[in-house]
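Topology and contacts: notes
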Amino acid sequence: MRKRASVGLAVLIILASVVPAAAVGERPAAVGDDGEITPQRADPSEDVIGWEGGYWHNESIDVDQSDGLTDEEVDAYVSRAMARVEYIREKEFESDVPVEILSRDEFEQRQSGNTSSNASFDAWNDQVWEALFIIGEDREANEALQSASGQTTAGFYAPADDRIRIITDSPDNPTIDNATLVHELVHALQDQNGALGERIADTETQDADLAVDGVVEGEANYIQQRYTERCGDEWECVGTPSDDSSADEPPNLGILLTLLQPYSDGPVYVDQRLEEEGWSAIDAEFEEPPQSTEQVIHQTDEEPTPIEYEDRARNGWETFPNQGENGSDTVGEASMYVMFWYQARTARADTIPVRSVTRTSGSFDIYNYDAEPSAGWGNDRVFPYQKGSGDDAQHGYVWTTEWDSEEDADEFVEAYRAILDAQGATQQNGLYVIPDGEFEDAFRIDRDGTRVTIVNGPTPEAVSDIRPPTDGSSAADELDGDGADGADSTDGTDSTDDGEGDDSGTGSDDGGDGGSTGLEAPGFGALTAVIALVAAALVALRRRD
């Protein structure tokens, strides 16, 4: 199963996802099988939508979190929240959902115990995140993701044992944020009605992970927001005490923004499908989820262009055939957007405006993941390479991208070159060389129409061995000075197949070791806290400017 992480900032800002409590309605109601709202004053003779564990969805409960929650208060709190999730989703829980309280220390210890011991996967995964200029060579990707999740995860649902775990810094006097509880209860409902664990584990690439999460987290965030909208006016909601805790170290905002994408674009996607066909459309999305983040971002059914890849490496350089899809990962449009944003923010690369990530309108879409250098994405495959083993191992990658048009390819190349420039790269014989730092390496940009291929290695010689050029030129020769014109071609062996081949980037390698690029059980914690973290980063950026 994949590893999911939610990350925070050095100064953690927790915002309660509730509004002040107000008087509850006088007459509880339930939704019958016919969809009609039926006034109720007593417990029903059998379980109905809108009633769970002895509580109606709009019934008042005596719960005060100011001094922590007792076991009895947890039972009442969870039961009424389940009734409310049922009422909004119009679907019945099949069984109770246990809620377990974990201290943050215990959670972090469990996370450490779950850290992958597969050296091959770790080395493969490191190259994927390095290709995105999000996690550099000075830190292992798996460790960075585990660290981020350990800092700020507020809760998660575990399909493996059908329970919610709430993470707290005060386990003896625990509190539960309304938004966190409702969000994770939605995941429990998804699992009880559709084998959620199998669905989220049945992906092989980062982009497929995020695309499936567009439905999984999109529905959870949609229901969470609908719940919050009722607090105060229609429903009494339990207040959550403020949390002044802080993270031990600043997290990687590139990781955060990547993992946040389904929580931001997913609810918009779900809302559109609901308007078109109602909840049956969401059930259908779980059966056939989106294939790419492009489909979620742009609400399109455009399928990825198949990419056929021929390995030409020499002198001991090899792929990782048992990882990902036949050795490759697909990072997708969302992760590419984050790459350009993160390098603009951290290295001042001239890629996209840093503030472009902030949405100024829309009730669901928190952040923007649509920008010229990443829009027009047709498909991509990252093939990490290795030579040697142990401490003597060397690594590199080939990142083949396909674009809807040559203009789209131009925009990608120009923005990618801006990242290399910001990292201090110099041009040497048609290659770019970053002389030092966390991304110290050599790069070649090959261009063939709508196909752009990035070749990376520790030295110029390694780049030539990982993917020997078919002639003496590279995109650097043509693009130096005036931007991309798409005139050159050095990677003619790569070709777009006709969709008939087995190695199309959309299948799966049954012989793989499992694992992924770091994206486990659903649950980003208190989303408002994460939103505040990125907002704080943007405020800090304005002050710096």
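Residues numbered from 1 in each chain as written. Predicted model: local features only at pLDDT ≥ 70, side-chain atom pairs only at ≥ 80, totals over all residues. Heavy atoms only, no water.

Low pLDDT marks stretches whose predicted atomic positions should not be read closely. Chain-level pLDDT for the protein chain is 81 on average; 74% of the residues reach the 70-or-more range. Contacts from residues 472-533, a stretch scored under 50 in pLDDT, to residues over four places away or in other chains number 201 contacts. Note on residues 535-545: pLDDT under 50 across the span, and 16 contacts to partners over four residues away in sequence or across chains. (pLDDT = per-residue confidence, 0-100. Contact = heavy atoms within 4.5 Å.)

Further remarks concern the sheet that holds strand β10 (residues 394-403). One open sheet accounts for 7 strands, arranged β8-β9-β10-β14-β13-β12-β11; its pairing is antiparallel. Strands with a single pairing partner mark the edges of an open sheet, and in this sheet they are β8 (318-319) and β11 (426-428). Taken strand by strand, helix α11 (residues 332-347) contacts β9 (377-387) and β10, and its axis lies near 75° from that of β9. Packing against the sheet, helix α12 (residues 406-422) makes contact with β10, β11, β12 (431-434), β13 (441-448) and β14 (451-457), and its axis sits at approximately 165° to β13. (Pairing = 2+ DSSP bridges. Helix = DSSP H or I, 4+ residues; strand = E, 2+ residues; numbered from the N terminus. Axes fitted to C-alpha atoms, helices over the stretch in contact; angles between N-to-C directions.)

With mixed pairing, the 3 strands of this open sheet are ordered in space as β5-β7-β6. If you trace the sheet from one side to the other, it starts and ends with β5 (99-103) and β6 (155-158), each paired once. Between one strand axis and the next, the sheet turns through 25° on average, direction left out of account. On top of the sheet, helix α5 (residues 178-194) reaches β6 and β7 (163-168); it is set at about 10° to β6, its chief contact.

Attention now moves to the state of the cysteines. Under the counting rule described, the total for this entry stands at 1 disulfide. Disulfide pairing places Cys231 opposite Cys237 at an S-S distance of 1.9 Å. Negative torsions about the S-S bond denote left-handed disulfides, and the value of about -85° found for Cys231 with Cys237 makes this one left-handed. According to the relative accessible area criterion, Cys231 is buried, its value standing at 4%. Residue classification places Cys237 among the buried positions, given a relative accessible area of 4%. (Disulfide = S-S within 2.5 Å. Buried < 20%, exposed > 50% of the residue type's maximum accessible area, 1.4 Å probe, protein only.)

So, about the nonpolar core. Trp399, Phe412 and Tyr416 are the most contacted members of the largest nonpolar core, which totals 56 residues. Per-element accounting of this core gives the leading share, 9 residues, to α11. Contacts of Trp399, omitting those with residues within four sequence positions, involve Ala131, Leu132, Val331, Met336, Met339, Asp380, Arg381, Val382, Tyr416, Val452, Thr453 and Ile454. Counting residues in hydrophobic clusters, the runner-up holds 45 residues, among them Ile166, Val212, Cys237 and Val270. (Core = buried A, V, L, I, M, F, W, Y, C linked by side-chain atoms within 4.5 Å.)

Attention now goes to the packing of aromatic side chains. Summed over all chains, the structure comprises 16 aromatic pairs. Ring centres 5.9 Å apart and planes at 20° place the aromatic pair Phe133 and Phe443 in the stacked group. Pair noted here: Phe133 is in the loop between α3 (119-131) and α4 (141-152) and Phe443 is in strand β13, with a separation of 310 residues, a long-range link. For the pair Phe133 and Phe443, a shared accessibility class is recorded, and that class is buried. Between Trp399 and Tyr416, the aromatic rings sit 6.5 Å apart at their centres with planes inclined by 75°, giving edge-to-face as the arrangement. (Phe/Tyr/Trp six-rings, centres within 6.5 Å; stacked < 30°, edge-to-face > 60°.)

Let us now look at the pattern of salt bridges. Counted under the stated rule, the structure contains 20 salt bridges. Where Arg110 meets Glu106, a salt bridge forms, and the shortest distance between an N and an O atom there is 3.0 Å. On the criterion of helical spacing, the pair formed by Arg110 and Glu106 is a turn pair, its members being 4 residues apart in helix α2 (residues 104-113). The partner of Arg451 in a salt bridge is Glu402, and the shortest N-O contact between them spans 2.8 Å. With Arg451 in strand β14 and Glu402 in strand β10, this residue pair connects regions lying 49 residues apart in the sequence. As far as the burial class goes, Arg451 and Glu402 line up, both buried. (Salt bridge = Lys/Arg side-chain N within 4 Å of Asp/Glu carboxyl O.)

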